[in-house]
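Breakdown of the fold
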Amino acid sequence: MEDLLLGIEALEFLKKEGFPILESRITISEETAASYAKDIGFPVTLKVSSKTIIHKTELNGVKPFLLNEKEVRSAFNELVHTFNTLGRTKDINGIIVQEMGKGLEFIVGVYVDSQFGHTIMFGQGGIYVEAIKDVSFRPIPIARKDAKEMIQELDAWKIITSPRQKRINPVMIEDFLLKISDFVETHKNVEEMDINPVFVSEKISICDARIKIGPKNK
Amino acid sequence: MYYEKLNRLFSPNAIAVIGASDSFDKLGYHVMKSLVKGNCRQPIYPVNPNAQTIWGIKAYPSIMDISDPVDLAVIVVPARRVPEALKECGKKGINGVVIITAGYKEIEGEEGKILEEEIKSIAEAFEIPIIGPNTFGFVNITDGVNASFTYEFSLIKNGGVTLISQSGGFCHLCGFLAMEERMGMAKLMSLGNRVNVDFPEAVKYFLEEDEATKVIALYIEGIENPRALFETIKSAKKKKPVIAYKAGRSEKGDAASRFHTGTLAGNYRIWKGALRQAGILEVNSSEELIDTAKVLDICPFMKESRVAVLSSQAGPGMIASDTIESLGLKLSTFSDKTQENINHLLPPFAIRTNPVDMGPAWYSPETILNILKVVAEDENTDGIIFIAIFASANLNLLADMEKIIKDMEPFNKPVIACFNAPHGVWDDNIKHIDGKKGIAIIHTPERAARAMANLYKISLSVS
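Note that this is a predicted model, so its numbers are computed, not measured.

Here's the deal with the overall build of chain B
Helices and strands together make up the secondary structure of chain B, namely 16 helices and 20 strands. The globule rule puts the C-alpha radius of gyration for 463 residues at 23 Å, and the 25 Å found for chain B is close to it. With respect to the principal axes defined by its C-alpha atoms, chain B has extents near 75 × 65 × 35 Å. Here chain B holds 463 residues, and the buried ones make up 53% of them. For chain B, long-range pairs separated by at least 24 residues make up 75% of all intrachain contacts whose partners lie at least 6 apart in sequence.

Dropping the structure here:
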């Protein structure tokens, strides 16, 4: 049995494995969304939660930078309206209220290559990952030296080390990549994974992820 | 046991050529030519049931008819006759076989694949390591054994570079470039279809067993289990510089993937990362492979990345400096003492700081070499690019430098030189200086700078 974890499920799974994720809660009511947003603290992002929709942004399924309760309520209703109009309400199992991510957006991925087996990818994240193609790969497991070099190989290294960018400690990213490598070593049934975006500032937080899990005995 | 057999394969005491021939249109003719004209000192046994002598040497109907022991058999008979020939090699107690014959798994249809499986199982039964099938063979420059169908490889200079290739064509390209660029080689080979000697086996042998090999260069198109190669290098008992040229650079990822990672996971992207992870330096052209391997063979490692450029003409020196900096190396700042010494040697008619314009001294080989000497002793410099370009007025420069260099102490820092002149002018002097005292001569300032940058990268990972 193959399983695809998206949205809140993927985030919960990674949280259980000890990865830092942006605080996220799911609901189907406007009222609860407003109260979750207050709990989490503004600004927040609202996004649709779905088992079938992979690219939420293209369908206007993400509402970022919501500064107060009023904006949260109106964003909630807009999302409901949008997906009603698209006739895709059945694809939605709720609305996620999420802490707003801060910092640079990166992608951390896992892929099983037919020759190399499990590999790890690091790169510039967000919705333009495949347009920018600023990525580096290594076979898993990686050592700290590999993690360091993966980061330095990116064009984004210039941004990370820019004098105007003082908050990012590359060692923190290295630690994160090493942790992913270790995680895959003990979860060989992870067949493919996109952690995208993961926000990096003075801390690292996973904003979204999708994970393909293969048969256990693999 | 396995590596002892590889030892006998690559450095055989006697060689049989199964399918040897006197007719030019047979590969068996060319293999004989390589051995005979390549001055192989070991006994050669042509095997051919239809001839009394081949290349003037007594021929045998079968390898079984040779009474003395034979280490290596080179097989050039048609594909269908190879299994029988291989069986006879096994019975004869041959230590290693080269199968030049093609027509196995690389061709369309089932017959080739079946034949290759047969070869594989015979080799397994008799425990015979095989180079090939579908290879031009191998050349052992160190011991003068040319077990290939191209005699001209015997003209390659003896040295420390071993090329292990997945393509015979690439070996020919690089072999001829090596001659042109005076690169010294220990061995070169194409592994062909890799029936039981694959990259891991070959690399392990040349890392651990072959003293003559100082640098390993790989040409890789695609292999089934790359991790095995990297593990071999990681666990090898000896560290030597390994460089690789990876061909087949498709960026195409997994078209079926709905993930960003899968879509971007092009085979070459992963290879690039994997090579770096394994401490293998990737090169991006045949020239870069030759230049880098040559410099690694001749020059000592670098401690840091500070480079001095000494040029008899300002322009080429500037090009070298530009390339140095664009590749992440630094131009060194000489110590006060070094600068004082240079100022002493050079009149103030040109730039005397790094990059040094030695123009005012270009009639004086003593002065030029004295500058080289003081910069080689400079505590702030880790490598030197040393340039002299021909002009009619400096006709004798290189001949004079050659005389002086002969009595100099070897340099303990890399000196990469560019000496350029029309054909026939400095050729002999270039030939005599190249590779001596730690001086490697590279064709252009840009290529010299790139080779220096690669030397630095390898210095970080190997030393």
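A closer look at the overall build of chain A
Looking only at helices and strands, chain A features seven helices and 11 strands. A globule of 218 residues ought to have a C-alpha radius of gyration of about 17 Å, and chain A, at 18 Å, matches this closely. With the C-alpha coordinates of chain A rotated into their principal frame, the extents come out at 50 × 50 × 30 Å. Here chain A holds 218 residues, and the buried ones make up 42% of them. Taking as baseline every contact in chain A between residues at least 6 positions apart, the subset at least 24 positions apart corresponds to 61%.

Some remarks on the sheet that holds strand β10 (residues 158-165) of chain B
Residue and element names in this part refer to chain B. Taken together, the seven strands give an open sheet; going across it, the order is β9-β8-β11-β10-β12-β13-β14, and neighbouring strands pair in mixed fashion. Single-partner strands in this sheet number two, and they are β9 (145-148) and β14 (281-283). Averaged over all neighbouring strand pairs, the angle between strand axes comes to 20 degrees, with direction disregarded. Pairing between β10 and strand β12 (residues 215-220): five bridges, direction parallel. Following the sheet pairing, T162 is matched in β12 by I216.

Points about the domain arrangement of chain B
All names here are of chain B. Looking at chain B, the domain boundaries give domain 1 (1-130), domain 2 (156-298) and domain 3 (299-462). The distance between the C-alpha centroids of domain 1 and domain 2 comes to 27 Å. Each partner contributes to the interface: domain 1 provides 13 residues, whereas domain 2 provides seven residues. Listed by contribution, the elements that provide at least two residues to the side of domain 1 that touches domain 2 are α1 (2-10) and α4 (110-126).

Things to note about the sheet that holds strand β2 (residues 44-47) of chain B
Residue and element names in this part refer to chain B. Judged by pairing direction, the sheet is parallel, and its five strands sit side by side in the order β2-β1-β5-β6-β7 without closing on themselves. The open sheet has two edge strands, β2 and β7 (130-131), and neither has a second partner. The pairing of strand β1 (residues 15-18) with β2 spans four bridges and is classified as parallel. When the bridges of β2 are listed, I18 appears paired with V47. Sheet contacts for helix α3 (residues 82-92): β1, β5 (72-75) and β6 (96-99); angle to β5, the most-contacted strand, approximately 170 degrees.

A look at the pairing of β6 of chain B
Residue and element names in this part refer to chain B. By the alternation rule, side chains of β6 split into G96 and V98 and V97 and I99, which are all buried. As paired strands, β5 and β6 are joined by four bridges and run parallel to one another. Directly across from A73, in β6, lies its bridge partner V97. Where the polypeptide runs from β5 across α3 and back to β6, its parallel neighbour, the crossover connection is right-handed. Judged from the two bridges that link them, β6 and β7 form a sheet pairing that is parallel. Of the residues in β7, the one forming a bridge with V98 is I131. What joins β6 to β7 is α4, and the crossover it makes is right-handed.

Concerning the interface of chain B and chain A
Accessible area lost on assembly of the parts is the figure often given for the size of an interface. The interface of chain B with chain A comprises 19 residues on the first partner and 25 residues on the second. Sort the elements by how many residues they give to the side of chain B that touches chain A and helix α9 (residues 267-277) of chain B lands first, with six residues. Residue composition of the side of chain B that touches chain A, grouped by class: six nonpolar, eight polar and five charged.

Considering the packing of helix α11 (residues 314-326) of chain B against helix α16 (residues 445-462) of chain B
Residue and element names in this part refer to chain B. Two numbers describe how α11 lies on α16: the axes approach to 8 Å, and their chain directions differ by 35 degrees. Taken as a pair, α11 and α16 cross one another with a handedness that is right-handed. Taking contact as the criterion, the partners of P316, I319, A320, T323 and I324 in α11 are, on α16, P445, E446, A448, A449, R450 and M452. In terms of residue class, the contact of α11 with α16 is made up of eight nonpolar, one polar and two charged.

Concerning the nonpolar core
All names here are of chain B. By size, the foremost hydrophobic cluster in this structure holds 213 residues, and its most contacted members are V74, I75 and M452. With eight residues, the single largest contributor to this core is α16. Not counting residues up to four positions away in its chain, the partners in contact with V74 are I15, V17, I18, V31, V98, I100, G137 and A147.

Regarding the confidence of the model for chain B
Per-residue confidence for chain B gives a mean pLDDT of 95; residues scoring 70 or more make up 100%. Scored by ipTM, the complex comes to 0.91, with pTM at 0.93.

Structural notes on the environment of G184 of chain B
Residues and elements named next belong to chain B. Examined against the element boundaries, G184 turns out to sit in the loop between α5 (168-180) and β11 (185-190). A count of 22 C-beta atoms within 10 Å places G184 in the buried class. Separated by 26 residues in the primary sequence, G184 and N158 place their C-alpha atoms 4.8 Å from one another.

The rules behind each value
Residues numbered from 1 in each chain as written. Chains lettered and ligands numbered in written order. Predicted model: local features only at pLDDT ≥ 70, side-chain atom pairs only at ≥ 80, totals over all residues. Helix = DSSP H or I, 4+ residues; strand = E, 2+ residues; numbered from the N terminus. Rg over C-alpha atoms; globule rule 2.2 N^0.38 Å. Buried ≥ 20, exposed ≤ 12 C-beta atoms within 10 Å, placed from the backbone. Contact = placed C-beta atoms within 7 Å. Pairing = 2+ DSSP bridges. Axes fitted to C-alpha atoms, helices over the stretch in contact; angles between N-to-C directions. Domains from an automatic or database assignment. Right-handed = clockwise from strand over helix to strand, strands pointing away. Nonpolar A, V, L, I, M, F, W, Y, C, P; charged D, E, K, R; others polar. Left-handed = near helix turned anticlockwise from the far one by under 90°. Core = buried A, V, L, I, M, F, W, Y, C linked by C-beta atoms within 7 Å. pLDDT = per-residue confidence, 0-100.

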